[in-house]
Amino acid sequence: MRRWRAAGWGAVGILVLAAAWELYKLLGPAQGLVVGAEGSELLLLPRTHDRAMPHLWEMGARLLAPTSGGDTPPLIVTVAGAAVTTLGTAAVGWLLGVLVGGLLAMLMQRSRLAELGLLPWIVVSQTVPLIAFAPVVNSIGTQLERGGGVWPQWFSVAVIASYLAFFPVAIGLLQGLRSPDAIHRDLMRSYAAGYWQTLIRLRLPAAVPHLLPALRLAAANAVLGAVVAEVSIGLRGGIGRMLIQLAGQASSDPAAPWGPTFGAIALGLVAAGSVALMALGLRNYRRGEETA
Amino acid sequence: MEHGRADAVHAVEASGVGKVFAGRSGEVVALTDVDLTVRAGEFVSLIGPSGCGKSTLLRLIADLDGASSGALTVFGKPAHQARLDQDYGIAFQQAGLLPWRTVAENIALPLELHRVGKEQRRARVAELAELVHLGDFVDRHPDQLSGGMQQRVAIARALAASPKLLLMDEPFGALDEMTREYLQSELTRIAAETGAAVVFVTHSIPEAVFLSDRVVVMSPRPGRITDIVEMPFAGERDEALRESPAYFERVTAVREALHGAPVERANER
Ligand SMILES: Nc1ncnc2c1ncn2[C@@H]1O[C@H](COP(=O)(O)OP(=O)(O)OP(=O)(O)O)[C@@H](O)[C@H]1O
Ligand SMILES: [Mg+2]
């Protein structure tokens, strides 16, 4: 019942968004609202002519039309292919991020010193702009490759995605590992349970309610990171590169860039949905504390 | 000879035990000079005003905290060794069940941690669930149980490794009077059936009198033992006892011992 209602509201939200788009296109000024003198004008309202804002049905029709004329496959097929490629890269990045974030969290929970030494850097790491960071990873990868290592370019993208993904996991899991009550810790001590036993029987299960939102955030971050990294490294085959390519042709084919845009959105939904599916399997760990 | 010694060994032996907590605003003397012997199979209650160190004493016996001074042995060994050997089971005011585990899995936790085989574990859990009358609920989760049932699961869990000493810190404190009296009767039965010694912290004089062989009366600032009152009710702890004059006489005795302590209750807290 609750689930249906949530889905209903989701659908309403999409319809409202679509209606707003078409309504503004209908009523808004074709050249937008511009103030100021020639050369220093300021665009207050966006343009609504067909090149700036294609109709929704044009976007839809474009998805079914050939990607680049002739008998190339429909755009939607190309988009789907690119999305799957990016999803794979993002998934590797997510896994890497979860692994690194998880290890950092366990280290920080174990040792106060590790927390003091690591936590500030972990927070600072997220303020480094991805655009600055991506080329560095790429050039390190290229150098490793030249030095005889195996480092395909897509792996650079995955590493960059993991850079965004590890953060929520490290913070969320640390909080989760700290969440057991004193009574549970005392109990484990009374059983003479060691660190690993306490970790596996108490801390990790107790961390699940904190971990799941972190994993979802990490999935969204990994997708975002993968798309941005593809663009800034210039990796072919993924949805990021495709978006840039089609945006470049927007003046002649304005509906086309919307294909990969929708593809990227779908990608995020699939990533978040996979984590939600995982959460379903961990239901038992999300039971409320016992009512006394 | 081995056997004879095991019988003679006391469950708990404390002499001159003290505990000082180093707080931010100076030191807190939680316990001084505690001398206490709990014989094997004996039921001893600790009673006294809030802050007199009952929980602290229990935690020292359990080796959840270390004593600052004095000698403390559990079954003739240092408390630390007794904890490693799983010589005691413990239960607190909150049941402290793991919410993601079923009743059976909660009871099995101490056994799992000590690598008891699966078959043996299952048999023991079934036995314990029967002992606390929760045989039909083994597959439930804690959030599907009442507070009293949760507390019974916690007691079963404390008994899982068949300890010869049971440590309980106000285990019935959060329960209503009816459930409380019911669980008191259950506990006397369980203690008799298992032959375990019990150290039981409570705020309730009638509860202490009903359950115990001896009631240890404590007093705060600094926390210490001021009196030990004997209960002569061995083997007759049933509902009739709660109505008998001998019982009321003992309740009065404990109350006087409590109030006789050189502390005005009005000053407490
Ligand atoms: N971890 C601790 N750090 C500092 N002081 C403590 C700590 N634990 C207990 N104390 C102090 O030791 C004294 C005894 O506390 P304790 O919890 O043993 O009392 P209690 O008799 O169990 O009280 P209650 O009946 O309220 O449970 C109190 O003054 C308390 O403030
Ligand atoms: Mg207490």
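Residues numbered from 1 in each chain as written. Chains lettered and ligands numbered in written order. Predicted model: local features only at pLDDT ≥ 70, side-chain atom pairs only at ≥ 80, totals over all residues. Heavy atoms only, no water.

**Quick notes on the layout of surface pockets**
Residues and elements named next belong to chain A.
Link 1 in the chain: Put simply, the largest pocket is a space of about 440 Å³.
Link 2 in the chain: Taken together, 13 residues line the largest pocket, and the ones lying closest to its centre are Ile14, Leu17, Leu56, Phe262 and Ile265.
Link 3 in the chain: In terms of residue count, helix H10 (residues 258-281) provides more of the lining of the largest pocket than any other element does, six residues in total.
Link 4 in the chain: Of the residues in the lining of the largest pocket, the class split is twelve nonpolar, one polar and no charged.
Link 5 in the chain: Shared between two domains, the lining of the largest pocket takes at least three residues from each, and those domains are domain 1 (1-53) and domain 2 (55-285). (1 Å grid on protein atoms, 1.4 Å probe; cavity = no way out; pocket = protein on both sides within 12 Å on 5 of 7 lines; lining within 4 Å. Points joined across faces, edges and corners; volume = space filled by probe spheres on them. Helix = DSSP H or I, 4+ residues; strand = E, 2+ residues; numbered from the N terminus. Nonpolar A, V, L, I, M, F, W, Y, C, P; charged D, E, K, R; others polar. Domains from an automatic or database assignment.)

**Side note on the sheet that holds strand S5 (residues 77-78) of chain B**
Residue and element names in this part refer to chain B.
Link 1 in the chain: The strand order across the open sheet built from four strands is S2-S1-S4-S5, with neighbouring strands paired in antiparallel fashion. What marks the edges here is a single partner per strand, and that holds for strand S2 (26-38) and S5.
Link 2 in the chain: In this structure, strand S1 (residues 12-23) lies alongside strand S4 (residues 69-74), joined through five bridges in antiparallel fashion. For Glu13, the partnering residue across the bridge sits in S4 and is Thr73.
Link 3 in the chain: Helix-sheet contacts for helix H2 (residues 54-61) involve S1, S2 and S4, and the interaxial angle to S2 is about 65°. (Pairing = 2+ DSSP bridges. Contact = heavy atoms within 4.5 Å. Axes fitted to C-alpha atoms, helices over the stretch in contact; angles between N-to-C directions.)

**Points about the confidence of the model for chain B**
Residues and elements named next belong to chain B.
Link 1 in the chain: For chain B, per-residue confidence averages 86 on the pLDDT scale, and residues scoring 70 or more make up 94% of the total.
Link 2 in the chain: The low-confidence segment residues 1-6, where pLDDT is below 50, has zero contacts with residues more than four positions distant or belonging to other chains.
Link 3 in the chain: Considering only residues more than four positions removed or in separate chains, one finds that residues 261-269, a stretch of pLDDT under 50, has 13 contacts.
Link 4 in the chain: Both scores are available for the predicted complex, with the pTM at 0.83 and the ipTM at 0.85. (pLDDT = per-residue confidence, 0-100.)

**Here's the deal with the side chain of B:Arg242**
All names here are of chain B.
Link 1 in the chain: Looking at the secondary structure, you find Arg242 in the loop between strand S10 (224-230) and helix H9 (245-260).
Link 2 in the chain: Given the relative accessible area of 10%, Arg242 is considered buried.
Link 3 in the chain: Among the polar contacts made by the side chain of Arg242, one reaches the main-chain carbonyl oxygen of Glu181 at a distance of 3.2 Å.
Link 4 in the chain: A polar atom in the side chain of Arg242 sits 2.9 Å from the side chain of Gln184.
Link 5 in the chain: Ignoring anything within four residues of it in the chain, the contact list for Arg242 reads Glu181, Gln184, Ser185, Phe210, Tyr247 and Phe248. (Buried < 20%, exposed > 50% of the residue type's maximum accessible area, 1.4 Å probe, protein only. Polar contact = N/O pair within 3.5 Å; in protein donor to acceptor, adjacent residues only side chain to side chain.)

**Re the interface of chain B and chain A**
Link 1 in the chain: On the side of chain A, 23 residues touch chain B, which itself brings 31 residues to the contact.
Link 2 in the chain: Counting across the interface, chain B meets chain A through three salt bridges.
Link 3 in the chain: Note that A:Arg189 is salt-bridged to B:Asp63, the shortest N-O span being 3.6 Å.
Link 4 in the chain: On inspection of chain B and its partner chain A, the count reaches twelve residue pairs in polar contact (both at pLDDT 80 or more).
Link 5 in the chain: Listing elements by their share of the side of chain B that touches chain A, those giving two or more residues are helix H3 (79-84), strand S6 (88-91), helix H4 (103-113) and helix H6 (147-159) of chain B.
Link 6 in the chain: Tallying contributions element by element places H4(B) first for the side of chain B that touches chain A, with four residues.
Link 7 in the chain: Taken together, the residues of the side of chain B that touches chain A break down into 15 nonpolar, eight polar and eight charged. (Salt bridge = Lys/Arg side-chain N within 4 Å of Asp/Glu carboxyl O.)

**Remarks on the domain arrangement of chain A**
Residues and elements named next belong to chain A.
Link 1 in the chain: Examined at the domain level, chain A breaks down into domain 1 (1-53) and domain 2 (55-285).
Link 2 in the chain: On a C-alpha basis, the centroid separation for the pair domain 1 and domain 2 is 29 Å.
Link 3 in the chain: On the domain 1 side of the interface with domain 2, the three residues burying the most area are Trp21, Glu22 and Arg51, jointly 60% of the side's total.
Link 4 in the chain: Summed over the shared surface of domain 1 and domain 2, the result is zero salt bridges.
Link 5 in the chain: Linking domain 1 to domain 2 there are two residue pairs in polar contact (both at pLDDT 80 or more).
Link 6 in the chain: Here the side of domain 1 that touches domain 2 is composed, by residue class, of three nonpolar, no polar and five charged. (Buried area = accessible area lost by both parts, 1.4 Å probe.)

**Comments concerning the sheet that holds strand S3 (residues 43-47) of chain B**
Residues and elements named next belong to chain B.
Link 1 in the chain: Taken in spatial order, the six strands of this open sheet run S6-S7-S8-S3-S9-S10, and their pairing is mixed. Edge positions in the sheet fall to S6 and S10, since each of these pairs with one other strand and no more. Neighbouring strand axes in the sheet, compared pairwise and without regard to direction, differ in orientation by 15° on average.
Link 2 in the chain: One ladder, built from four bridges, connects S6 with strand S7 (residues 165-169); its direction is parallel. Its bridge partner being in S7, Gly89 is matched across the sheet by Leu166.

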